[in-house]
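Each chain, letter by letter, is given below.
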There are 2 protein chains.
Amino acid sequence: MDNNLYCVIMCGGVGSRFWPYSRTNMPKQFIDFLGTGRSLLQMTVDRLQGIVPPQNVIILTSVAYKELVAEQLPQLQPEQILLEPARRNTAPCNAWAAWHIHKLNPNAKIMVASSDHLIVRADEFRQRALDAFAFLDSNHALLTMGIKPNRPETGYGYIQTGDCMRGAFSRVKTFTEKPDAELARVFLTSGEFYWNSGIFFWSAASIISAMRRFAPEIADVMDNGSDLMCTPAEQDFINANYPSCPNISIDYAVMEKADNVCVQCVDIGWSDLGTWGSLYELSPKDAHRNVGRNCRIMALESEGNIVATTGEKLVVLSNLRDFIVADTPDALLIMPLAEEQRLRNVVNEIRSNYSEKYL
Amino acid sequence: MDNNLYCVIMCGGVGSRFWPYSRTNMPKQFIDFLGTGRSLLQMTVDRLQGIVPPQNVIILTSVAYKELVAEQLPQLQPEQILLEPARRNTAPCNAWAAWHIHKLNPNAKIMVASSDHLIVRADEFRQRALDAFAFLDSNHALLTMGIKPNRPETGYGYIQTGDCMRGAFSRVKTFTEKPDAELARVFLTSGEFYWNSGIFFWSAASIISAMRRFAPEIADVMDNGSDLMCTPAEQDFINANYPSCPNISIDYAVMEKADNVCVQCVDIGWSDLGTWGSLYELSPKDAHRNVGRNCRIMALESEGNIVATTGEKLVVLSNLRDFIVADTPDALLIMPLAEEQRLRNVVNEIRSNYSEKYL
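Thresholds applied
Residues numbered from 1 in each chain as written. Chains lettered and ligands numbered in written order. Predicted model: local features only at pLDDT ≥ 70, side-chain atom pairs only at ≥ 80, totals over all residues. Heavy atoms only, no water. Contact = heavy atoms within 4.5 Å. Buried area = accessible area lost by both parts, 1.4 Å probe. Salt bridge = Lys/Arg side-chain N within 4 Å of Asp/Glu carboxyl O. Polar contact = N/O pair within 3.5 Å; in protein donor to acceptor, adjacent residues only side chain to side chain. Helix = DSSP H or I, 4+ residues; strand = E, 2+ residues; numbered from the N terminus. Nonpolar A, V, L, I, M, F, W, Y, C, P; charged D, E, K, R; others polar. Least-squares fit on C-alpha atoms with pLDDT ≥ 70 in both. Buried < 20%, exposed > 50% of the residue type's maximum accessible area, 1.4 Å probe, protein only. Pairing = 2+ DSSP bridges. Right-handed = clockwise from strand over helix to strand, strands pointing away.

Draft legend 1. Here's a closer look at the interface of chain A and chain B. Between chain A and chain B, the contact holds 35 residues from the first and 35 residues from the second. For the pair chain A and chain B, the two sides together bury roughly 3,000 Å², of which 59% comes from carbon and sulfur. On inspection of chain A and its partner chain B, the count reaches four salt bridges. A salt bridge links Arg342(B) to Glu301(A), with the shortest nitrogen-to-oxygen separation between them at 2.6 Å. Inspection of the region where chain A meets chain B yields 22 residue pairs in polar contact (both at pLDDT 80 or more). Of all the secondary-structure elements, those providing two or more residues to the side of chain A that touches chain B are strand 12 (291–300), strand 13 (306–318), strand 14 (323–328), strand 15 (331–336) and helix 11 (343–353) of chain A. For the side of chain A that touches chain B, the element with the highest residue contribution is strand 13 of chain A, accounting for seven residues. For the side of chain A that touches chain B, the residue count by class is 22 nonpolar, four polar and nine charged.

Draft legend 2. Quick peek at the relation of the copies chain A and chain B. Overlay of chain A on chain B (RMSD 0.1 Å): rotation 180°, translation along the axis 0.0 Å. Accordingly, the operation relating the two chain copies is best matched by a two-fold axis. Identified as the residue of chain A closest to the rotation axis by C-alpha distance is Pro329(A), at 3.5 Å. Of all interface residues in chain A, 100% are interface residues in chain B too; the two copies therefore contact each other through one and the same surface.

Draft legend 3. Main features of the side chain of Thr161(B). Mapped onto the elements, Thr161(B) comes out in strand 7 (residues 158–166). What Thr161(B) contacts, discounting residues up to four positions off in sequence, is Ser170(B), Arg171(B), Lys173(B), Glu192(B), Tyr194(B), Val263(B) and Cys265(B).

Draft legend 4. Representation of the pairing of strand 2 (residues 57–62) of chain B. Residues and elements named next belong to chain B. Most of strand 2 is tucked away: six of the six residues are buried. Because side chains alternate across strand 2, one face comprises the buried residues Val57, Ile59 and Thr61, and the other comprises Ile58, Leu60 and Ser62, equally buried. Where strand 1 (residues 5–10) lies against strand 2, four bridges are found, and the strand directions are parallel. Among the inter-strand pairings, Ile9 is bridged to a residue of strand 2, identified as Ile59. Since strand 1 and strand 2 lie parallel, the crossover through helix 1 (residues 40–46) that links them has a hand, and here it is right-handed. Bridge count between strand 2 and strand 3 (residues 81–84): four bridges; the pairing is parallel. Each residue of the ladder has a partner; that of Ser62, found in strand 3, is Glu84. With helix 2 (residues 66–72) bridging strand 2 and its parallel neighbour strand 3, the resulting β-α-β unit is right-handed.

Draft legend 5. Quick look at the pattern of salt bridges. If you walk through the whole model with that rule in mind, you get 33 salt bridges over all chains. Asp223(B) is the salt-bridge partner of Arg212(B), the closest N and O atoms lying 2.8 Å from each other. On the criterion of sequence distance, the pair formed by Arg212(B) in helix 6 (residues 204–214) and Asp223(B) in helix 7 (residues 216–225) is long-range, its members being 11 residues apart. Here Arg212(B) falls in the partly exposed class, since its relative accessible area comes to 46%. Salt bridges here are not isolated pairs; linked through shared partners, they connect Arg121(A), Glu124(A), Arg128(A), Asp131(A) and Asp267(A).

Structure representation (structure tokens):
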């Protein structure tokens, strides 16, 4: 396997859209979300077999999750886990990873992946990831995987493809954040639009170069610390300087501005598992179209519910339709699936009027 | 206080109508059902202060609940707890208590109470109970407390009063089991009908005499064991012979047949707390008419629910109206209050198709 290939896994999210099943001290990526016996993070790492050497996997996570990551991924060496002292969205996080890896290996090529997404077609993903790395050999590009859409999803960002470069690889014409339903239908039928997966490929040199140009506030911090990267002083430097980076996404800071951005159009069975609704759609259903996670459901005139509990709980539902029932030892949510966008407000209200201990 | 006055508390119920909040190993009477810090059993015993001497309180319970009773009522001596080896409804249970107490004190007068009912007006109850005992001095009667109805309840039995004997005491004209809604309305407006509370007063001699006449199968068993009552051999005798008694209620076996049955009409704020609906009605409600037990409720467009949890749980409800939400560590019920009569079927189905461990 090519020792120049690296994977950065972003693992710092707090997963409030799945409250109370996902908690501040046990966010979504650490949970066996699909009942497979492996957490989403573990599934993400498992998928990298045959793509990058195991020692070239780097986890970026919050210092709060250091033990969780080490526990779930015992095969990692401590130096493969980078601990963010503060949450600053994806641009600072990818900057640190790029400068760090560039110091390890100036010829490094990096795949960036989220720790809490689902990819159903792992073999197809592996092939396309290797294609993507190969594409970088002849193109000084910032590459993003675009997912062939199968429905007019309004919760995702879309990428419009421009000139075809080679096979599945095209220039990017536009980025469009979450469209309304009508626009999403137009996107779907046009055939030109792909979901923005947040899976990126770039060389360490390319992304560093792009950040110096488009995100100099962040690049300056990392350039100041470049001598300390991969030394015992790195963490102290990051702890002191990372929090001063602007809180900004890599899409907004770099991808929407750079002129060497390309998209690879793939069909890998991807979902960001961003909502209870998406988990419901992806999960096997019983005869009453109910989905259970960790529980046994007795359904009386109850259909279309997603029920997630901790422990082997018996859940009796009567005359409940299309609800989320999410249960943990100290919190219980009962809410229509159609209202799950209110969950963010619920979490905010709990923080303000109840107690942080429930988050 | 009159040492001839006794109280028998029937404490063997399994409380399946409150599943899963009430469980086989922790039935309703042992739970702090109203959030007062005292279980219904403890509240029942507390209410007897000033009526019968503490050492004259006798608890009839299942052998399975021996430790629970002793734990909740540490003031009791072991000989105040009688352990039924099998569940045989209220006639055998009251027979044993009567023969046992008669052996202790041939002049005993007995009040019979349920361990899982609620009486809001405890002072009024105490006065009327003392009146009832006094009534027995001049009347060889089997007396039942009749509760002045305040609504056309279809879940209770009704007693029609006959000739007035003295003050609140009358002969009983008829017993009517759960009437339909129309009949219940007629009963309510007639002024002649009272709820059958299951609180009885009789002398040990009177009930023994009545049982010999109307329930000879049970009386024979107890007569055979009368020499052993209150001796170390009593429990062995009961273990061997009690299970052969017919499974029958005291109302059906004796009260509906005897000709010396009287009713004392009272207004003591009584409820049998027989259903989630009755608990809902009796409980204080928040601004959204929700009732919470052991939990904090965040209600979004959610009204009229009763939510009971174990532990201090945060429960977020959205668009849920008039439901029961009953949660324990291994079982969760979500069911409209209007359907709670289905709970018995649910419990039966759990027994058949799931596991006894959930009951």
